[in-house]
Every structure is written in C-alpha cells, then in structure tokens.
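Here's the letter readout for the chains.
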Amino acid sequence: MPYLIFIFSLIQPIYALVFAINESAKKKSGYLSLFCIALAFAAFAFAITPPVEYDLYRHYERIDSLKELPLSKILEFEKPGYVLFDIYAWIISSLGLPKQAFTFSIVLIAYLLILSIFNDIKRNYLQNASSIYIYISLIVIWLSIPFVGLSSGIRGSFATILAVYFSYNLILYKKLIHFLIGALIAFLMHPFGIVAPIIVLLSYKFSWWSSKSKILIFIGLLLSISYKLVELSVEFVLSFLSDLNFFKAVYFEKDGEFGSGFIDSQSLFGVIATVILPRTPLYLAQLYLITLKTKSNDTMYLLLCFLCLFFGVFQSFYVISGRISEFFILIFSIYLILWQSNSRTRFDRIFLWVYIFSLISYSIARIYATRFFLFDNLNIFFKPLLFILFDSP
C-alpha cells in the first residue's frame, strides 16, 4: 500500500495527501508515507507565485541575482543570516534548476524533519496507544507546522523547524553536539534562529527547576494582560540599544499583523482573523500547562514556561512574537502528545479536541490572511507533479 501511495504522489501529490496521512497513522508505517505528505506541501509551495510585498518575492530576486556569480564573490560580502541561504541558492542556480526548487526543497526538508519527530514518538511512545490517538497525534503535529511562514518567508520558519528538531533530540536523547551544530545552522539560516536554542539550553541546564517553573506562566499571562505597560518598559530598554550594531529595529515594530498597533487600527473581524485566532492555541496551551502536575527534570515543561514568559514580554512586537509562537506551538504539540500518551483523563481528551479546533482555526486565519498569495495558482490541483515542476516561469 505505501508504494502505491508513493506512486500516486509522484503523479498528483495533492490528491494523494489523504491516503498518505491515513497510511502514516498506522503503527507499523515507515517514512515513505511521511515523505508523500511532505511532497504534497512542497509541490504546493513550488507552485506559489509571490506578490511583491512578500519575503519570498525578495528571496527569488536574490536567487536570480546570484546567477553567473562565482561562489567566492558571493561569500565575499556575506552576512551571517544569508550564508547558507546564498550558498544553497547558488547551488540551485548552478544546477540550472528554477528558483522555485529552493522553496520546494526547503518545505520538503522542513516537513520531513517534523514528521520524523512524529514517527519517533509513534515508535517509542505510542505503540500501546489506540489507533485513533495515533491518528489525532499526527493531525496535531501536521497542523502545528507553519506552512505559510515556510512558503512565504522561508528563512525564519525554517530556522524554527531546525530548532524544534534538534531541541527534541537534545531533550529526549541528550544529543548535545547535534543540538549545537543544529543551533549554528539555524543561526546561519536566520540570525533570530539562535534565540530559541538559547532558551532551550537554559532549560536543559536548569531542568531541576521545572517543578517550580509554573510561576513563569502566571508572570507571562500577567504581562500579557498588562501589555501596554510592558510595551513602554521594553521600548525604554531598547532606546539604549538602538545604536548597537547587532540591534535590528524591525524585530520591535508594532504595526504588523501581530502587533498592538495593528489591533488599534483594524476592524473587529480583522482583529479576530489575524490576532485572536492565531493566538488562541498559545493561550490554551498556557492554561493547560497550569493544570499539569509538575515534576523535577522536565526540560520540555520548563522550556514551555520560559517561552510563556518570553511571549508575555514581547507579545506586542509582531515579528518576535510571531516567530517565537511558531516554535512554542510545535514544542507544546509534541509535549502534549507525549504527556497524554500513557493515560488521559476526561479533561485531557476534551482539551485535546479543543486544541485541535484552535489549530484548525489558526490555520484558517492564516490561509484567509494570505488567500490571494496561496491560491493564485489553483491549477496545482489539476496538474500532475511533473507539469508543476517543469512548467515554472
């Protein structure tokens, strides 16, 4: 069966997606069906034509500008956050591949990394779980992957995916060297990619404090409620940093879709679609974490508590809060599946469905906000994969 699904994916990956998800939820299934899921989203990303206001448009211009340049020339004036991007883009161009191959491969790798985490959890922690719980776990992981961020911005969301993958292996399997290498790669992909690994290392080092870390969630929620005061305090501190070379003012803008400035200037529907719904999984997760009985050396719980505090401080700054929320949602989804893998109370089951609904609402809100960008090329649903890949502009 998995080989038939794979062949179907090579013909039309979008239509094969349902079969691939169903196959991947089976206890004995391997990586082939997971690859088919990743292939479907990679093909979708390949077919997207970005409008000028999106990062992807700028990235494609950058890739085009690298053509015919020697690699030594590219590295000569390179910034740290573009090292891996430009090297890989140069390889894509040198091979004569279309620039969309860059997005295709990044989305493919990102999905494979996160889905491999699901596969590891399934094999090592869910073998005694029911088939429906395994299926639900796959849906939770799948909905937590930031497809819009990956397909429209590439660098920031891919750095987040790398941070999640290597953090998982550090926390569960103590692979510190792998984690440090992964953190470096994430940083070279995007400078902000180093923030999450720093918080992870802090949690790993002080995991013994996890039994007392619930207070961080309460502080984070309090800061979220008092966001105007926190905003003024952060801006006061930032005023002393604005002249430093490493300071990036764009990270602290408030007029983006996640910022408080955006809230003040939009209609009620706009606020619901682009602010409340995207943040609902975050607040639900924080409330659920409060209900859990904490224990010592629970690194992932401590990590989530630190992230709650981080989000409380920076929620008004849309770039930072948006990027850290992607990391938080993925880590929490993994933690939730692991926590409920052995036993679930009635409350746990109810929360799981509510959380899934919040992820669906979050996904719909993101799709709505980028609907013209994502669905500009609806013919992807009618084209075979080879036509998609070789009929690019």
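Definitions and limits used
- The residue numbering used here restarts from 1 in each chain and proceeds along that chain's sequence as written.
- The predicted nature of this model means local features are confined to residues of pLDDT at least 70 and side-chain atom pairs, given and counted, to a pLDDT of 80 or more, with totals for whole chains, interfaces and linings taken over all residues.
- The side-chain figures draw on all heavy atoms in the structure; neither hydrogens nor water molecules are used.
- What counts as an axis is a line fitted to C-alpha atoms, over the stretch in contact for a helix, and the angles between N-to-C directions run from 0 to 180 degrees.
- Per the convention used, a helix needs a DSSP run of H or I reaching at least four residues, while a strand needs a run of E reaching at least two, with both numbered from the N terminus.
- Every angle not falling under 35 degrees, over 145, or within 65 to 115 is termed oblique; those three ranges are roughly parallel, roughly antiparallel and roughly perpendicular.
- Each helix crossing is assigned a hand: it is left-handed if the near helix lies turned anticlockwise from the far helix by less than a right angle, otherwise right-handed if that turn is clockwise.
- Throughout, a residue-residue contact means that at least one pair of heavy atoms, one from each residue, lies within 4.5 Å.
- Lys, Arg, Asp and Glu make up the charged group, whereas Ala, Val, Leu, Ile, Met, Phe, Trp, Tyr, Cys and Pro make up the nonpolar group; the residues left over, Gly among them, are polar.
- In this text, buried Ala, Val, Leu, Ile, Met, Phe, Trp, Tyr and Cys residues form a nonpolar core when linked through side-chain atoms within 4.5 Å.
- The cut-offs for exposure are 20% and 50% of the maximum accessible area for each residue type, with area from a 1.4 Å probe on protein chains only; residues under the lower value are buried, those over the upper are exposed, and the others partly exposed.
- Within this scheme a cavity is a closed region of a 1 Å grid, computed over the protein atoms alone, that accommodates a 1.4 Å probe without allowing it to escape, whereas a pocket is open but has protein on both sides within 12 Å along at least five of seven lines; lining residues each have an atom within 4 Å of a point.
- Grid points are joined across faces, edges and corners, and a volume is the space filled by probe spheres set on the points.

Participant: Give a description of the packing of helix H7 (residues 100-125) against helix H10 (residues 155-173) that names residues and reports values.
Facilitator: The description of two packed helices rests on the angle between their axes and on the distance between the axes. The interhelical angle for the contact between H7 and H10, taken along N-to-C directions, is 25°, at an axis separation of 9 Å. Considering their axes alone, H7 and H10 lie roughly parallel with respect to each other. Judged by the twist between their axes, the crossing of H7 over H10 is left-handed. Note on element contacts: H10 touches H7 through Phe158, Ile161, Leu162, Val164, Tyr165, Tyr168, Leu172 and Tyr173, opposite Ile106, Ile109, Ala110, Leu113, Ile114, Ser116, Ile117, Asp120, Ile121, Asn124 and Tyr125. Counted by class, the contact of H7 with H10 contains 16 nonpolar, two polar and one charged residues.

Participant: Now, about the nonpolar core: what can you tell me, with residues and values included?
Facilitator: Counting residues in each nonpolar core, the largest one holds 112 residues, and the members touching the most others are Tyr111, Leu289, Phe327, Phe328, Phe332 and Ile334. Considering every element that reaches this core, the biggest residue donor is H7, with 14 residues. Not counting the four nearest positions on each side in its chain, Leu289 is found in contact with Lys214, Ile217, Tyr301, Leu304, Cys308, Phe328, Phe332 and Tyr335.

Participant: Quick one: what's the story with empty space enclosed by the protein, residue by residue and with numbers?
Facilitator: By the definition in use, this model includes three cavities of 30 Å³ or more. By volume, the largest cavity amounts to about 90 Å³. What lines the largest cavity is simply Gly156, Ala159, Thr160, Ala163, His190, Phe192, Gly193, Val195, Ala196, Arg323, Ile324 and Phe327. For the lining of the largest cavity, the secondary structure elements donating two or more residues are H10, helix H12 (195-205) and helix H18 (318-339). Looking at the lining of the largest cavity, the element that brings in the most residues is H10, giving four residues. Looking at the lining of the largest cavity, its residues break down into seven nonpolar, four polar and one charged.

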